[in-house]
Every structure is written in structure tokens, then in C-alpha cells.
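# Structural features, examined
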Amino acid sequence: MKKAFTCILALALLLSGTAAFAESASVLPYEGDEITITMLGWQSFSDYDWDNMFGQWVKGKLGNIKIEAEIPADDTDTLINLYMSSGDIPDIMMYRYPDDFDRNYADTGIALNLLDYAEYMPEYMARREQFPHLSRYDRDGATYMFFTCTYDGISQSWYANQDLLDKYNLAVPTTYEEMMECCEVVCPQEEGVYGILPIYSWGLGEIYATFSAIFGLKGATPDNVRYNYDTGEWEFMLAAYSEEFKEVTQAIADAYAKGYLASDMLTWDDAMRDEAYYSGSWLFTRPYATDANRMAQGGLNITYMDPPTHGDTVPFINTDYRSDQTGWIYFVNANTEHPEICCAILELISSVEYAQHYYWGEEGITYTVDADGKRAYTEEYLNADDETKKEKYGIARIIPYFTDPFCSTYAIGDALCAANEDVINTAYTVAAEKLVSGEYETYTPALEPIFDDYTQEDIDLIRTAVTTYVNENITAFILGTRDIAEWDAFVDGVAEYGDMNWVVEQYNAAEPRPLPPAAADRAWITP
């Protein structure tokens, strides 16, 4: 097995403020003769530097254990499939698709039953109690997949370019109509300024979701099959809300025709997006919190604004429910010589203690705690250059804001907010309060049913054909190459590409999976 120099950083850590957990069985730090644990990570993961402060802390927690981790440069999927087919797999592996793992490997004997080793991972077992969806793949009293579980926080918020509003004596809008009035004033006089700047590089779906959120459709696109929490039924969105989607499509088409959207918006890449973002070539935008933070740190005068509404709709805010997401798993080789050690390692790298050290370091060196229990980074740490921070300390709160794209930067909320500009923390605070009070709404994706392979294949074929048809025609309506008067004919035409009624019937007939907690019940990340 090709060896990387060190171990992968952990995935997705627990949020702070979690209840105390029982002590795990005394396996770590391991004090016997040195043993080696092999791991397979994912491309672009960061390695430990065992010589810096965080690496030394991890080494102390592990004891006399050597980690040999393979981190592919690319195409991890192919490498994983080679290992799985050969049966010669590392002690601990990451896997990207839990549904696929459940269908193809759960009954093959390839993975360790983690419940047999529950005493070595008490924090994880408590997390399974807290988040029932983590046990949805259990089979006959066994569980083979170790899910990480992190946080609930805002993702995309609306911001206004305050300098442009001030230049034209405009107030921050609260409604879509007010936002369009601002665009009417600014855009004709400011060459190269986009009235509304969605994440164009993500394509039509993201542009459409930006507008559908304003018009009461909670960020849905017409091709979605979504769960309706009010009725307890799955719906094909275009069929259920045809007139609402027509209104959204017309609004996008109007904004495009007036020049408030980029004329080449469907061909943007990330570099084009970043240039527009950070140069302030926009009047209103809905970036991710990290991008907004970079805007503010770069000197842009941005103002958080309530999500704009149309008519009597409720302001909609995008959120990340990382506590619900189970798209990444670990599993342990059933034939490992050290099952207790492997389970204890998984417990360690997903623990609150690990998260606290990863994001804050060591008290008195990289952070202090005041009389109210609030942590703050030390001047020594804050004033160090990035290279020193990396080589000496190795903790994650450096710029760029994280060193490992699959390690949750939000697991410890105070660390996240300590690195944020005030305007971003305002967004976190306002969103959390209004989501709990009901003044804002969001949409939590329900877990889709698990179908047998034949049903899943038929569903995928139909949905792929329908999505292609819908997107092609929505694009034509927006660009003006098809008249919106043909909307009803377009909706009726879906039937030629697949029976979406049958698809929805399969969703509603399947065994339901646990529903996630409501917005008011979340432990939202706040400063």
C-alpha cells in the first residue's frame, strides 16, 4: 500500500456545548510495543505534521501507535473500488457513499460491527442517540458505518454593497420589489455592476434557487422531488407548484432582460465569480459565509440584509445541517488485528476534545480563557505569520480559514466566530434568533428512501431525462428564446420524458427514514 507521510486530518467534528460523555475504555494512549494502523483517506486531505504543537498533542493521545495513511492525489473512488474488490484493505477506510456501501458491502463481512466495540467509542454512541438518523443503516443489531456529525449553521446569507447604496442614497431593501427598484437606479449608471450576483459558476440550478427562495419556494428548482413536511408526502415540484414556478421563471427572465443579471451567467467559472465577488462588482449577493468574510476582510463595505421577500412570503435563509449529512463515513476492516484501537482512533478524531485542540490549540499558548469562560487567541498566535502558525502550532484557525476541506471548521463555534468580521457574526446571530422564533424559514432536506437496485435504476433514468428537459426549457424561457405563454405546454411535455407520477409513488410507498429536527430545535452556531 502506497504510504503517505502521516495521517489524514479528521472529518467533521462535534459542535461545542455537547453534554459530557462517559470515559472510553482504556486503550489510548497505547503503551505496548509499537503497532501500525493503516488508513485510506481522500484526495486533497491534509496530513499531520507530527512536529508541530497539534501533531505532538495527537501523538500523545495515540501513544505507541504509528499511522500509515494513503492520501491519493486524485480519483479516490477508483482506488477504493480496487481495494474493495481485492479484499486487501487498510485497517480504517473512508467511503463516500453510504447508500452504495449499504447496498453493496454491508452484508459481505468486509466491515467490523461497531456495536461490538461500543465501549471504545462512548461519545459516538451518545451521538447516535442524539441524532437518530445516524442509525438508519443498522442491520439486525449491527452497524458498519461510522458517521461524523458536526453542526447547524447558516450557509448563504444576503448582503448589500453599502458603498453603492450610499452613493445613490438608497436604503437596504427588504422586499424583492425594493431590491429591483435599487437595481433600476444603480445598474444603468454603474457599468460592470451586477444587480444580483448568485453563484453563477454553479449553473442554472443555483441561479434558480436564489430566486425561488424569494418567491416562497424555499430554494427548490422545478425538477426537484421534495418532501412536504406539512402533508407528509413527497412531491414533484413542477407539478405541485406550476404557477409559482412560472412566476419565478418570469422574474428571472425580466431581471436578465434588464441587465441585472450577467449576460453570460450560464458560462461563468469560479475565477469569474471570485473576481466579481471580491471587486465589489455587485449590488446584492448571496454568498457563503466564508466568501462574505473574505469580502469584508478585503475591504468591501458590505451590509447584512434580511432575505428579500415577494408578497406575503417568509424570509428564507440557506442553512447547512451538517448534523444531518451523512455523505462521508469511516469503516473498519473486519479482519484488522487491532479492532479496539481502530475504534478508539475513530472516537478520538471525531471527539469534542479533538475539535477543541484542533481549532484552539493549548491554553496559555494559543488561547486564553476569561472569567466568563470565553476563549480568545493570544497576541503571540494572532501576530504570527501563516507559515509560523502552520509549522509551530498546526491548528486550523489560520488564513486561509481551514487546512482541510473535509474537516469542519464550524465544529467549535467560538473558533469560527473569532475569525469572522463583525458583519458575518451579525448574520449568524440574526439568522439563529429568527430561525428559532419563526421569523425566518429554511428547508431541511429529508432523507430520500432507499430503493432496490432495479427501482433506483428506473427512477434515475426518468429523473435524468426529465431534469434535462426541464432545464433546457427553463433556460429558454429565461433567455427569451421561448415565450412564457407556452408554459402550460412545457409542463404537459414532461410526460413525454418519463412518468414522474410513478416516481413520486415509489417515494411515498417506500419505507420512510427518520426526519431531521426542525429549525427551532437546532443548536445554531452563534458568536
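Residues numbered from 1 in each chain as written. Predicted model: local features only at pLDDT ≥ 70, side-chain atom pairs only at ≥ 80, totals over all residues. Heavy atoms only, no water.

## Looking at the overall build of the chain
Across its full length, the chain carries 20 helices and 15 strands. The long-range fraction of contacts in the chain, counting pairs at least 24 apart against all pairs at least 6 apart in sequence, stands at 77%. Surface summary for the chain: the accessible area is close to 22,900 Å², and the carbon and sulfur share equals 46%. (Helix = DSSP H or I, 4+ residues; strand = E, 2+ residues; numbered from the N terminus. Contact = heavy atoms within 4.5 Å. Areas by Shrake-Rupley, 256 points an atom, 1.4 Å probe, with all protein chains shown as cover.)

## Quick look at the sheet that holds strand S1 (residues 30–40)
The strands making up a sheet associate through hydrogen bonds between their backbones, and the pairing can be parallel or antiparallel. The five strands lie next to each other as S2-S1-S3-S13-S4, forming an open sheet whose pairing is mixed. Two strands lie at the open edges of the sheet, namely strand S2 (63–70) and strand S4 (146–147), each paired on one side alone. The strands touched by helix H12 (residues 339–349) within the sheet are S1, S2, strand S3 (92–95), S4 and strand S13 (329–332), with S1 carrying the most contacts at an inclination of about 75 degrees. (Pairing = 2+ DSSP bridges. Axes fitted to C-alpha atoms, helices over the stretch in contact; angles between N-to-C directions.)

## Here's the deal with the packing of aromatic side chains
The geometry of an aromatic ring pair is captured by the separation of the ring centres together with the interplanar angle, meaning the angle of the planes. This structure, assessed with the given rule, holds 38 aromatic pairs. With a centroid separation of 6.3 Å and an interplanar angle of 20 degrees, the aromatic rings of Tyr354 and Tyr358 are classed as stacked. Residue Tyr354 and its partner Tyr358 are both found in helix H13 (residues 352–360); the two are separated by four residues, about one turn of the helix. In this pair, the class of Tyr354 matches that of Tyr358, namely buried. An aromatic cluster is defined as three or more aromatic residues linked by ring pairs; in this entry it consists of Tyr227, Tyr229, Trp234, Tyr443, Phe451 and Tyr507. If you follow Arg226 out to its NZ or CZ, it ends over the ring of Tyr443, 3.9 Å from the centre. (Phe/Tyr/Trp six-rings, centres within 6.5 Å; stacked < 30°, edge-to-face > 60°. Buried < 20%, exposed > 50% of the residue type's maximum accessible area, 1.4 Å probe, protein only. Lys NZ or Arg CZ within 6 Å of the ring centre and 35° of its normal.)

## Considerations on the environment of Leu164
The residue Leu164 is located in helix H5 (residues 162–167) in this model. The sequence separation of Leu164 and Trp282 amounts to 118 residues, and the corresponding C-alpha distance is 8.8 Å. If we ignore the near neighbours within four places in the chain, the residues touching Leu164 are Glu190, Val193, Gly280, Trp282 and Leu283.

## Brief notes about the side chain of Arg273
Mapping Arg273 onto the fold places it in helix H10 (residues 270–279). For Arg273, a relative accessible area of 11% corresponds to the buried category. The residues touching Arg273, leaving out its near neighbours within four places in the chain, are Ile199, Ser201, Trp202 and Trp268.

## Here's the deal with the environment of Thr36
Along the chain, the position of Thr36 falls in strand S1. Spatially, the C-alpha atom of Thr36 lies 5.9 Å from that of Ile65, the residues being 29 residues apart in sequence. Those residues within four positions of Thr36 in sequence are excluded, and the remaining contacts are Lys66, Glu68, Asp91 and His338.

## Overview of helix H15 (residues 386–393)
The opening residue of H15, the one whose side-chain oxygen lies 3.1 Å from the backbone nitrogen of Glu387, is Asp385. Immediately downstream of H15, the backbone of Gly394 shows phi near 75 degrees, a positive value. (Polar contact = N/O pair within 3.5 Å; in protein donor to acceptor, adjacent residues only side chain to side chain.)

## Here we look at a negative patch on the surface
Taken together, Glu177, Glu178, Glu181, Glu184, Glu243, Glu244, Glu247, Asp488 and Asp492 make up a surface patch of like negative charges. Those elements giving two or more residues to the negative patch turn out to be helix H6 (176–186), helix H9 (242–257) and helix H19 (487–492). Here the negative patch takes four residues from H6, the largest share from any one element. Take Glu244: it is sitting in helix H9. (Patch = residues over 30% accessible without salt bridge, like charges linked within 9 Å, V, L, I, M, F, W, Y side chains within 5 Å. Salt bridge = Lys/Arg side-chain N within 4 Å of Asp/Glu carboxyl O. Lys, Arg positive; Asp, Glu negative; His and termini not counted. Charge placed at Lys NZ, Arg CZ, Asp CG, Glu CD.)

## Remarks on the pattern of salt bridges
For the coordinates displayed, the defined rule picks out 18 salt bridges. We note a salt bridge from Arg463 to Glu448, for which the minimum N-O separation is 3.8 Å. Of this pair, Arg463 sits in helix H18 (residues 453–479) while Glu448 is found in the loop between helix H17 (422–437) and H18, placing the two residues 15 residues apart along the sequence. Of the charged contacts in the structure, one is a salt bridge between Glu486 and Arg482, with a shortest N-O distance of 2.7 Å. On the accessibility criterion, Glu486 (37% relative accessible area) is partly exposed.

## Notes on the nonpolar core
Counting residues in hydrophobic clusters, the biggest one holds 94 residues, and the most contacted among them are Tyr159, Tyr176, Met179, Phe211, Leu238, Phe284 and Phe490. Formed by 71 residues, the second largest nonpolar core is a distinct cluster that contains Leu79, Ile80, Ile89 and Trp360. (Core = buried A, V, L, I, M, F, W, Y, C linked by side-chain atoms within 4.5 Å.)

## A few points about H9
For H9, built from 16 residues, the straight-helix expectation of 22 Å at 1.5 Å per residue is met to within 8% by its first-to-last C-alpha distance of 22 Å. Residues of H9 that are buried: Ser242, Phe245, Val248, Thr249, Ala251, Ile252, Ala253 and Ala255. Of the surrounding elements, those touching the buried residues of H9 are H6, helix H7 (204–214), helix H8 (237–240), H18 and H19. Following H9 by one or two positions, Gly259 has its phi on the positive side, about 85 degrees. (Expected span 1.5 Å × (residues − 1).)

## Describing the confidence of the model for the chain
When pLDDT is averaged along the chain, the result is 88, and 90% of the positions lie at 70 or above. Taken as a whole, residues 1–22 scores under 50 in pLDDT and shows 98 contacts with residues more than four places along the chain or in a different chain. With pLDDT under 50 throughout, residues 397–410 is counted as low confidence; its partners more than four residues away or in other chains account for 53 contacts. (pLDDT = per-residue confidence, 0-100.)

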